[in-house]
Structure formats: structure tokens, C-alpha cells
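# Geometric and topological summary
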Amino acid sequence: MKQRIVTGVLAGLAFAMLVVLGGWYYKGLLLILALIGFYEYIRLNGYPLRDPLALLGLIGMLAIAAPLQDMGLPRVPPETIVWSLMFALLAVTVLTKNRATLDGSALMLLGAVYVGFGFSAMMAVRGIEPGGLFLSALTFGAIWASDAGAYFVGKTVGRHKLWPAISPNKTIEGALGGVLLSLIVCLISALVAPEWISVGRALTIGIIASVAGQLGDLIQSAYKRLRGVKDSGKLLPGHGGVLDRCDSWLIVFPLLTLTGVLG
């Protein structure tokens, strides 16, 4: 627990500093996390990085996640990237006479979309002008408040299991506590900084961040249980890998941008 706390505090401070700095400091960090996260994903599925499907998935994920315009490249619509990746993956199954399987192609397409759009949305929110830093901080704060509320309320008064087949320690009381604390943090933020966000919008962020964030956590738990592993990786001692730490982010940020709540 001591190692977990120390690692979490140091990593959190470094992450917060880069969020504040923004620009390529933050984008560079997110791209590194995306690369590590996708590598964890292909390992979870038993693929080496040299596999042609894995390499194509990695290229597609980077094409989705990378801020191409900031790199002096033309903007490519997301649907074009996803369709091109799908076509390339399917073509490999033909060219290898099905040694590269259709199931593998589907897994790599799923991973590229899951990881790529997740980190791309984080960059997009930080790039909102004005207020990208505030909205990023509010969203992360709502997610972390939900995590803390779910943990402490569940540990204190949790009695009814939320989904024991996937995550035996999570409780309904904890889930509701997470929603409540996320809403409180967002409400306080709106009252303190009304020039940046309305109460209604802040509460919308709070409910989405908590409900979708907890679902993102369960998605990763279900996937790891399916693959028979405890953690997706070993990047942070006591905390697991990138996918373990970012599971909520990868769902919440795209959902907030796609629905127009942030953007």
C-alpha cells in the first residue's frame, strides 16, 4: 500500500504538471501512453508486436490518436482512418491465406479505436479555447472523485455486490457514492468558476464521468478476467499498466466529446 501511494502521488504530480503545461508536453505524454497502452492490449491478446495485424493496428491507432494537423499533416477524417484500417486488416487475412485470422483483425481494429480515440479525445478537450485546462481538470477531477467515492463508501457501508462475476469487490453502495462525490466536485467547480461552466453542464459532466467511468473500469476488469491476468502491464509499481490506470479516461473523454458536452 505504501508503494502504491508513493507511486500514485509522484505519477499524479507529474501528470498534473504536464496537463497544465499543455501543448506538446501533454500531447507527447498522451502519445507515449497510447503506445504503451496498445502494446499492453496486443500482449493481452497473445500477439507479438512483429505480427502484421498488430503492426497495422498500431499504425491505425497512432493515425487516430496523433494530432496530425499540429504535425503539419493534412487532417484525415476519423471514419476514413477507421475504414482504411479495417480494409488493410482484412486484406492481410487474404494475403496470408488466413494465417492472419479474421478474429485477430477484429481485435486489432477494436484496440485501435478503443485506445486511439480515448487519447485523441483527451488532447481535444485540452485544446478547447478558451477553457481547455479547466475542462480537462474538471473531467479528471470528476473521474478521480468517482473512484474515491466508490472506494471509500463501498469499503465503509458497501453490502450489495454490483457485479461479482466481473469485479467481486465493487458494491452498489460504492457505485452510488462515486456518483454522488463526482456530482459534488462538479457542482462546487461550477459555483466557484461560473464564468467557465454552468451548473447544468458541470453536473452533466459529473454524471457521465462517474457512470461511464465506472463502466470503463468494469470493461477492463471483464477483459482481464477473460484473459486470466491481474494487470494489463507493470508500468507503475502497485498500479498496473496504462490500461489499468486509464480505463475510465478512455471511455469518459470520447463520450463527452462525441455527445457535444465538451467540444
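In case you missed it, the structure is sitting above this.
All of the points below concern the structure found in this document. (Residues numbered from 1 in each chain as written. Predicted model: local features only at pLDDT ≥ 70, side-chain atom pairs only at ≥ 80, totals over all residues. Heavy atoms only, no water.)

Regarding its fold elements, the chain presents 10 helices and 2 strands. Listed by position from the N terminus, the elements making up the chain come as α-α-α-α-α-α-β-β-α-α-α-α. By the compact-globule yardstick of 18 Å for 263 residues, the chain fits well, its C-alpha radius of gyration being 19 Å. Each principal axis of the C-alpha atoms in the chain carries an extent, and together these give about 60 × 45 × 30 Å. Going through the 263 residues of the chain one by one, you find that 45% of them count as buried. Put simply, 69% of the contacts in the chain that link residues at least 6 apart link residues at least 24 apart. As presented, the chain carries roughly 13,600 Å² of accessible surface, and 70% of it is formed by carbon and sulfur atoms. Distance between charge centres in the chain, computed from 20 positive and 13 negative side chains, equals 8 Å. (Helix = DSSP H or I, 4+ residues; strand = E, 2+ residues; numbered from the N terminus. Rg over C-alpha atoms; globule rule 2.2 N^0.38 Å. Buried < 20%, exposed > 50% of the residue type's maximum accessible area, 1.4 Å probe, protein only. Contact = heavy atoms within 4.5 Å. Areas by Shrake-Rupley, 256 points an atom, 1.4 Å probe, with all protein chains shown as cover. Lys, Arg positive; Asp, Glu negative; His and termini not counted. Charge placed at Lys NZ, Arg CZ, Asp CG, Glu CD.)

Here is a general trend for soluble globular proteins: nonpolar side chains tend to be buried in one another's company. In this structure, Phe38, Phe119 and Met122 are the most contacted members of the largest nonpolar core, which totals 60 residues. Apart from residues no more than four positions distant in its own chain, Met122 is found in contact with Tyr26, Leu30, Phe140, Trp249, Leu250 and Phe253. (Core = buried A, V, L, I, M, F, W, Y, C linked by side-chain atoms within 4.5 Å.)

Quick look at the side chain of Ser221 now. Counting through the fold element by element, Ser221 comes out in helix H8 (residues 199–227). With residues near it in sequence (within four places) discarded, Ser221 still touches Ile166 and Ser167.

What follows concerns the packing of helix H5 (residues 102–126) against helix H6 (residues 132–157). Two numbers describe how H5 lies on H6: the axes approach to 7 Å, and their chain directions differ by 135 degrees. It follows from the interaxial angle that H5 and H6 lie oblique. Counting all contacts with H5, which are made through Met122, Val125 and Arg126, the residues of H6 involved are Gly132, Leu133, Leu135, Ser136 and Phe140. Across the contact of H5 with H6, the residue classes tally to 5 nonpolar, 2 polar and 1 charged. (Axes fitted to C-alpha atoms, helices over the stretch in contact; angles between N-to-C directions. Parallel < 35°, antiparallel > 145°, perpendicular 65-115°, else oblique. Nonpolar A, V, L, I, M, F, W, Y, C, P; charged D, E, K, R; others polar.)

If you walk through the whole model with that rule in mind, you get 4 salt bridges. With a closest N to O distance of 3.9 Å, Lys230 and Asp231 form a salt bridge. Exposure remark for Lys230: the relative accessible area of 69% places this residue in the exposed category. A relative accessible area of 34% places Asp231 in the partly exposed class. (Salt bridge = Lys/Arg side-chain N within 4 Å of Asp/Glu carboxyl O.)

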